[in-house]
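# Examination of the molecular architecture
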Amino acid sequence: MALVRVLARDWVFEVEGTAGTFVPVGGLHTFGLGGTKVDTDTTGFDSEGCAEHLVTERAHSLTLSGFFIEDLDTGARDPGQKIIDELAIKIGAEAIGNFKLTSPGGTVYTFSGSVEPAEVGGGKNDVTSWGATITINGKITVS
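Numbering of residues begins from 1 in every chain and follows the order in which that chain's sequence is written. Residues qualify for local features only when their pLDDT is at least 70, as the model is predicted, and side-chain atom pairs are given and counted only at 80 or more; totals for whole chains, interfaces and linings, by contrast, use all residues. Each side-chain value is derived from all of the structure's non-hydrogen atoms; neither hydrogens nor water enter the calculation.

Right, let's talk about the overall build of the protein for a bit. Along its length, the protein carries one helix and seven strands. Starting at the N terminus, the α and β elements of the protein follow one another as β-β-β-β-α-β-β-β. Here the protein has a C-alpha radius of gyration of 19 Å; the compact-globule value for 143 residues is 15 Å, and the former is much larger. Judged by the C-alpha coordinates and their principal axes, the protein covers about 70 × 45 × 40 Å. Of the accessible surface of the protein, which amounts to about 9,700 Å², a share of 54% is contributed by carbon and sulfur atoms. Positive charges come from Lys and Arg alone, negative charges from Asp and Glu alone, with His and the N- and C-terminal ends not counted. In this description, the location of a charge corresponds to atom NZ of lysine, CZ of arginine, CG of aspartate or CD of glutamate. Looking at charge distribution, the protein has the averaged site of its 10 positive side-chain charges lying 6 Å from that of its 19 negative ones. The way it works is that DSSP assigns letters per residue, a run of H or I at least four long becomes a helix, a run of E at least two long becomes a strand, and they are numbered from the N terminus. Each radius of gyration is computed over the set of C-alpha atoms, and the globule rule expresses the reference value as 2.2 Å times the number of residues to the power 0.38. Accessible areas in this description were obtained via Shrake-Rupley with a 1.4 Å probe; residue shielding takes into account the shown protein chains only.

Set out below in structure tokens:
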């Protein structure tokens, strides 16, 4: 098949729940997988006046934005959102969860990370917002 542009809505986002099973995160409308790097200056007298560096560290994060999902009869939450919200209040090693991101073509990105919750809210005519930023812990495995 030829290379094509893929729709963002066709990515699948999952968080590890109980018994090691991955649970989809519902209600999403935007995501962003980004990163930063740390450079160390390696410019020397022999660099002929041009800056040189080595990348010494990389960090990644995944931002998820969407709508707060709840069953109005029971109060039950979207299972994936609920797990992420529970991780967002934990401290120490318990605050690290496992995540899986699958592209429309089936490439799977797995990683662990901690959660920073986004503000939940909205105005009088809005659907309630929900979101989180996952700070990735270590390397991303691609398979």
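Back to the write-up after that little detour.
With that settled, the discussion passes to a negative patch on the surface. For patch building, the residue pool is restricted to those with more than 30% relative accessible area and no salt bridge; the joining distance is 9 Å between like charges and 5 Å between nonpolar side chains (Val, Leu, Ile, Met, Phe, Trp, Tyr). We define a salt bridge as a side-chain nitrogen of Lys or Arg found within 4 Å of a carboxyl oxygen belonging to Asp or Glu. On the surface, a cluster of negative charge is made up of D41, D46, E48 and E52. If you trace the backbone, D41 turns up in strand β3 (residues 28-41).

The next subject is the environment of F31. Structurally, F31 is set in strand β3. Spatially, the C-alpha atom of F31 lies 8.0 Å from that of A8, the residues being 23 residues apart in sequence. The contact criterion used throughout is that any non-hydrogen atoms of two residues lie within 4.5 Å. Setting aside residues up to four positions removed in sequence, F31 forms contacts with A8, W11, F13, L62, T63 and L64.

This part is about the packing of aromatic side chains. Where two aromatic rings form a pair, the distance of their centres and the angle of their planes describe that pair. Only the six-membered ring of Trp is used, alongside the rings of Phe and Tyr, when aromatic pairs are assigned; centres must lie within 6.5 Å, and planes under 30 degrees apart are stacked while those over 60 apart are edge-to-face, with the rest tilted. Taken as a whole and assessed by the stated rule, the structure comprises four aromatic pairs. Look at F99 and F111: their rings are 5.8 Å apart centre to centre, the planes differ by 20 degrees, and that puts the pair in the stacked class. Taken together, the residues span a long stretch of sequence, with F99 in strand β5 (residues 97-102) and F111 in strand β6 (residues 108-117) at a distance of twelve residues. Per residue, the accessibility class of F99 equals that of F111, and both read buried. The lysine or arginine in question, K100, covers the ring of F22, its NZ or CZ lying 4.6 Å from the ring centre. Any residue under 20% of the maximum accessible area for its type is buried, any over 50% is exposed, and the rest in between are partly exposed; the area is computed with a 1.4 Å probe on protein chains only. Charges are assigned to positions over rings by a cutoff of 6 Å between ring centre and Lys NZ or Arg CZ, combined with an angular limit of 35 degrees from the ring normal.

Moving on to the pairing of strand β7 (residues 129-142). As paired strands, strand β4 (residues 53-67) and β7 are joined by seven bridges and run antiparallel to one another. By the bridge assignment for β7, L62 is matched with I134. At least two DSSP bridges between two strands are needed for those strands to be called paired. The pairing of β6 with β7 spans eight bridges and is classified as antiparallel. Looking at the pairing, P117 lines up with A132 of β7.

Another aspect to go through is the sheet that holds β7. Spatial strand order, β2-β1-β5-β6-β7-β4-β3: seven strands in an open sheet with antiparallel pairing. At either margin of the open sheet sits one strand with a lone partner, and together these are β2 (22-24) and β3. Sheet twist, expressed as the average angle between the axes of neighbouring strands with direction ignored, equals 35 degrees. The strands touched by helix α1 (residues 79-87) within the sheet are β1 (12-16), β2, β4, β5, β6 and β7, with β1 carrying the most contacts at an inclination of about 50 degrees. All axes are obtained by fitting lines to C-alpha atoms, using only the stretch in contact for helices, and the reported angles, taken between N-to-C directions, cover 0 to 180 degrees.

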